[in-house]
Every structure is written in C-alpha cells, then in structure tokens.
Amino acid sequence: CRGRCARLPGRRLCCHHCPQMKIEASGKLSQKIAVLAEKLWPRYLCHPFITQMADGTLPLEKFRYYMLQDYLYLRDYTKILAAILQKADTFEQICFLSGEIESTLGETYRTHIPYMQRLGITEEEIRQAHTHIDNCAYSHYMLCETQNGNVLTGLVALLNCSWSYAYIAEQMVQRYPQALQNKTYGAWFAGYLSEEYRKANQDLIDRIDALAASISPQEENRLCELFEKCCLFDLRFWDMAYAMGNC
C-alpha cells in the first residue's frame, strides 16, 4: 500500500529525502514509539539478509523466497486493512482506508508480481506457495489485535512494517551507496527511498498521533508494547527469509 507496498521499478532512484526517524514534536505517541524503534531497528541493519542484499552478495534463491513470502504477507496485510476499515466511524476514515486497500492491491499487481516474474518466479510457484509459520504468526497477531481494538490499534500494528522498511533502505544506502545500482536489489532500496513512500509514512504517523491525542497513559503503553512486538516479529521475518523457512 502507500504505507508498505512501495513502487519498485529500477528507474525510481531517489537519494534526497527527509530522515525517516526524525519526529519534531515531543510527547506524541509517535515520539514514544520512535524511542523503541531506535533501540530495536539497529538489529535489522546487521542482519545478514539485509547486509548481503545491500552489498549484492545475497544468494538469489533467498531473495526469491523472501519475495514469495512477502507476497503472501501483503495478502494478509490487505485483510488487516479491511479489519481496520470495519472499525472506522467516519467517512474520512472510510475513504482513507478504502484508498489504502485499493493501493495495496494495485501495487501488488503493478509492481510486486512483475518483480517476482523478473526473478523467474512462475505463476505455479506463486499458486503453490505456503505461508511460513512465522509469517502467519505475525499477520495473525496484527489481525487479532486489530479485531480486538480500534482504528488506532490497527494503524499502530501496521506501522513498524511500513516505517522500518524506509529506515532500512535509508541506512543501508548510506553505508552501501552502490546498493542502488545493483540490477537485482537496487529497485528494492529505491522504492523505499522514494518521496512518495516517505510521505505515505509521514501521513500514517500524523494520523496515528491525531487519533492518540487524548488516549490514557495505560492505552499509550499498550500501543507501545504492540509496536515493540511487531518490531520483533519483523526481525523473525528476516530470519525466516534468510533461512528460506528452515528455521
């Protein structure tokens, strides 16, 4: 979606963008979440899947496996958006969430599937792909939290996946500038560095802060815990991808 399914064609190379971790206002929910992220996200940057993707040494079969699992994840991501939509109580929220669902579906067909095809992944492989248990556990956790919560809960559940991808792309391209030129992995980094993706993340953060403006400290702590667990689920996703499910 505009918050997670980035446009990935190789021509979208964008190196000038705002720092993904910079949030100016203090006291907001996003500020407290950012403190958690600053403690946990550096673990992504030393993960072998990410470092090898950045230096171009990642075995192609591992990336193919990742793309298949990410495709299955995006299917569940769309269902989570639909569950958040059911919680919406204003036309503005309904319009926003409907747009996110439409965008996720559109980008999946316009960019994600063609990317898989360029990697040699066949339609038969896509049809026969099964969601790994760690992938399934992650999406089911977010869906369960969304169904038991409200719009704010659902958006916080989705935030780490969206926001951390921008952070990973930014940090790794700073360390490995040649990553953008890699014919296999360059488009992945470029998509998550784009101004469009940065803006979508900021829009999501602003929406979360607006909804959280009057919540209790207890609810704030619960949402921070939700975000932290999603951070750890994403780390397991990278483990799963690097091990190609043998973990």
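Note that the structure is a prediction, hence the values are computed from the model and not measured.

What counts and how
- Residues numbered from 1 in each chain as written.
- Predicted model: local features only at pLDDT ≥ 70, side-chain atom pairs only at ≥ 80, totals over all residues.
- Heavy atoms only, no water.
- Helix = DSSP H or I, 4+ residues; strand = E, 2+ residues; numbered from the N terminus.
- Buried < 20%, exposed > 50% of the residue type's maximum accessible area, 1.4 Å probe, protein only.
- pLDDT = per-residue confidence, 0-100.
- Contact = heavy atoms within 4.5 Å.
- Core = buried A, V, L, I, M, F, W, Y, C linked by side-chain atoms within 4.5 Å.
- Salt bridge = Lys/Arg side-chain N within 4 Å of Asp/Glu carboxyl O.

### Notes on the overall build of the protein chain
Piece 1. From N to C terminus, the protein chain includes eleven helices and zero strands.
Piece 2. Secondary structure elements of the protein chain, listed N to C terminal, follow the sequence α-α-α-α-α-α-α-α-α-α-α.
Piece 3. A total of 247 residues make up the protein chain; the buried ones form 55% of that total.

### Remarks on the confidence of the model for the protein chain
Note: predicted coordinates in regions of low pLDDT should not be interpreted at a detailed level.
Piece 1. The share of residues in the protein chain with pLDDT of 70 or more is 89%, and the mean pLDDT across the chain is 90.
Piece 2. Overall, residues 8-25 carries pLDDT values under 50, and its contacts beyond four positions in sequence, including any with other chains, amount to 44 contacts.

### Remarks on the nonpolar core
Nonpolar side chains in soluble globular proteins generally cluster together in the buried interior.
Piece 1. One finds Phe63, Tyr66, Trp188 and Phe189 to be the most contacted residues of the largest nonpolar core, which totals 80 residues.
Piece 2. Considering every element that reaches this core, the biggest residue donor is helix 8 (residues 151-175), with 16 residues.
Piece 3. Residues in contact with Phe189, not counting those within four places in the same chain, are Met53, Ala54, Ala169, Met172, Val173, Ala179 and Leu180.

### Quick word on the environment of Cys224
Piece 1. Positionally, Cys224 belongs in helix 11 (residues 217-243).
Piece 2. Dropping the residues within four chain positions of it, Cys224 is found in contact with Leu29, Lys32, Ile33 and Leu36.

### What to know about the pattern of salt bridges
Piece 1. One pass over the full model with this rule turns up 13 salt bridges.
Piece 2. Close ionic contact of Glu220 with Lys32 constitutes a salt bridge, the shortest N to O distance being 3.7 Å. Here Glu220, found in helix 11, pairs with Lys32, found in helix 1 (residues 29-40); they are 188 residues apart in sequence, far enough to count as distant.
Piece 3. Owing to a relative accessible area of 15%, Glu220 belongs among the buried residues under this scheme.
Piece 4. The exposure class of Lys32 is partly exposed, given its relative accessible area of 32%.
Piece 5. Through salt bridges with shared partners, a single ionic network connects Glu123, Glu124 and Arg127.

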